[in-house]
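Secondary and tertiary structure notes
Chain by chain, the residues run as shown.
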Amino acid sequence: MVLNGGMTNPSQLVSFNDGNTIPQLGFGTWKLSGDECYNAVRTAISVGYRHIDTAKIYGNEEPVGRAVADAIAAGEVDREDLFITTKLWNDGHDHAPEEFEASLDRLGLDYVDAYLIHWPFPAAGKYVKAWDDLIRIQGVGRVRSIGVANFYEETLDDLEKATGVIPVMNQVELHPGFSQASLRAYHDEKDIVTEAWSPLGRGDSLTEQTIVQIAEEAGATPAQVVIAWHVALGNVVIPKSGNAKRIEENFVALDVALTDAQIDAITALDADGGRSYNDPRQWPELES
Ligand code: A2P
């Protein structure tokens, strides 16, 4: 296990364009709620995760915050060693400062490490206003870094053109079968970190024949192979699990090294229709 006095190995930090860093392997919490979420986050911190990803829409900022507070009180971790992300939901683009304060209250935190616009929602056309507000919020000092999720090239360009401030990261759907090569190349050009959501394809990637075979070759589990592939591509990756053994299994993926041929074989699984969820160019539609 990659543990170093309770900290993840510093080599596993990824640098942002604002000078801050993020642990490359984080813990995703979508679909976790209540006590299950609380217990999962406690387990994640105890096995060594130092990066927790939540959002207003997940409805679990409160149990995430409670787990963080209790882990700190138990002396398992210091707040400065944790990286906590939350996100602005689509109905808050025109009042981001209030939404941000409400998220901090639910989390019970003085600051978060990253605040992201969750979707560009182009039909509403308010994401530039929201970005302008995130820049102001950052100026007040209660969020270290600001970024986005589910943005695509044109919407990223709009933010840069309007404000001159480029998001530190873009959290997007990315998994075997949907490796987002062109968006990753664009992020590299702009110095935006790529963060993968649904990194295990919601579990579907784990029965894919190529991945099962590479797992046998590497002496690892399919989930560890997929996480190691994300790490090799340079993605920040946030697998979700509600199961203590799998939470630990996924963290230990930091020790799995793949060959270039194995990495290329997984990337080559891209297929038409690889996207499993909403296309941010079209979703959500405006309610009539
Ligand atoms: P569970 O919570 O029961 O462990 P993603 O991160 O792509 O959204 O995938 C999450 C899904 O993958 C969940 O259904 C989760 O189930 C499952 N999962 C997470 N880690 C593992 C693992 N190591 N082995 C098998 N399934 C896993």
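Scope of this entry: the structure provided in the associated data block. Since the model is a prediction, treat every value here as computed from it, not as a measurement.

**Thoughts on the packing of helix α8 (residues 222-233) against helix α10 (residues 260-267)**
- Put simply, α8 and α10 touch, their axes get as near as 10 Å, and they point 100° apart. As summarised for this structure, α8 and α10 are arranged roughly perpendicular, according to the angle between their axes. Where α8 approaches α10, its residues Val225, Trp229, Ala232 and Leu233 are matched on the opposing element by Ile263, Ile266 and Thr267.
- For the contact of α8 with α10, the residue count by class is six nonpolar, one polar and no charged.

**Quick look at the layout of surface pockets**
- Size it by volume and the largest pocket reaches roughly 320 Å³.
- Residue lining of the largest pocket: 20 residues in total, with Trp30, Tyr58, His118, Trp197 and Arg202 positioned closest to the centre.
- Here the lining of the largest pocket is composed, by residue class, of ten nonpolar, seven polar and three charged.
- Taken as a whole, the second largest pocket spans an internal volume of roughly 270 Å³.
- Around the second largest pocket, the lining is made up of 15 residues, and of these Leu200, Arg202, Gly203, Lys240 and Ser241 lie nearest the centre.
- A total of three residues in the lining of the second largest pocket trace back to one element, the largest contributor, which is helix α9 (residues 244-251).
- When its residues are assigned to classes, the lining of the second largest pocket shows six nonpolar, four polar and five charged.

**Some thoughts on the packing of helix α5 (residues 153-163) against helix α6 (residues 181-190)**
- α6 packs onto α5 with a crossing angle of 20° between their chain directions and a minimal axis gap of 11 Å. Classified by the interaxial angle, the pair formed by α5 and α6 is roughly parallel. As for the relative orientation of α5 and α6, their crossing is right-handed in sense. Where α5 abuts α6, its residues Glu153, Leu156, Asp157 and Glu160 lie against Ser182, Leu183, Tyr186, His187 and Lys190.
- Here the contact of α5 with α6 is composed, by residue class, of three nonpolar, two polar and four charged.

**What about the site of the ligand?**
- In the vicinity of the ligand, 16 residues are found, and the nearest of them are Leu200, Arg202, Ser241, Gly242 and Arg246.
- Arginine 202 is positioned such that a nitrogen or oxygen atom in its side chain is 2.3 Å from an oxygen atom of the ligand.
- Contact distances for the ligand include 2.9 Å between an oxygen atom and a side-chain N or O atom of lysine 240.
- The cavity that encloses the ligand is the second largest pocket.
- Counting residues per element, the shell around the ligand draws most heavily on α9, at three residues.
- Residue composition of the shell around the ligand, grouped by class: five nonpolar, seven polar and four charged.

**So, α8**
- Here α8 is twelve residues long and its end C-alpha atoms lie 17 Å apart, about the 16 Å a rise of 1.5 Å per residue gives.
- Every buried residue of α8 is listed here: Ala223, Gln224, Val225, Val226, Ile227, Ala228, Trp229 and His230.
- Next to the buried residues of α8 lie β9 (193-197), α7 (209-218), β10 (236-237), α9 and α10.
- Once α8 finishes, glycine 234 follows within two positions and takes phi at roughly 95°, a positive value.

Rules and cut-offs
Residues numbered from 1 in each chain as written. Predicted model: local features only at pLDDT ≥ 70, side-chain atom pairs only at ≥ 80, totals over all residues. Heavy atoms only, no water. Axes fitted to C-alpha atoms, helices over the stretch in contact; angles between N-to-C directions. Helix = DSSP H or I, 4+ residues; strand = E, 2+ residues; numbered from the N terminus. Parallel < 35°, antiparallel > 145°, perpendicular 65-115°, else oblique. Contact = heavy atoms within 4.5 Å. Nonpolar A, V, L, I, M, F, W, Y, C, P; charged D, E, K, R; others polar. 1 Å grid on protein atoms, 1.4 Å probe; cavity = no way out; pocket = protein on both sides within 12 Å on 5 of 7 lines; lining within 4 Å. Points joined across faces, edges and corners; volume = space filled by probe spheres on them. Left-handed = near helix turned anticlockwise from the far one by under 90°. Near = heavy atom within 4 Å. Polar contact = N/O pair within 3.5 Å; in protein donor to acceptor, adjacent residues only side chain to side chain. Sits in = over half its atoms within 2 Å of the grid points. Expected span 1.5 Å × (residues − 1). Buried < 20%, exposed > 50% of the residue type's maximum accessible area, 1.4 Å probe, protein only.

The analysis is restricted to geometry; functional conclusions fall outside its scope.
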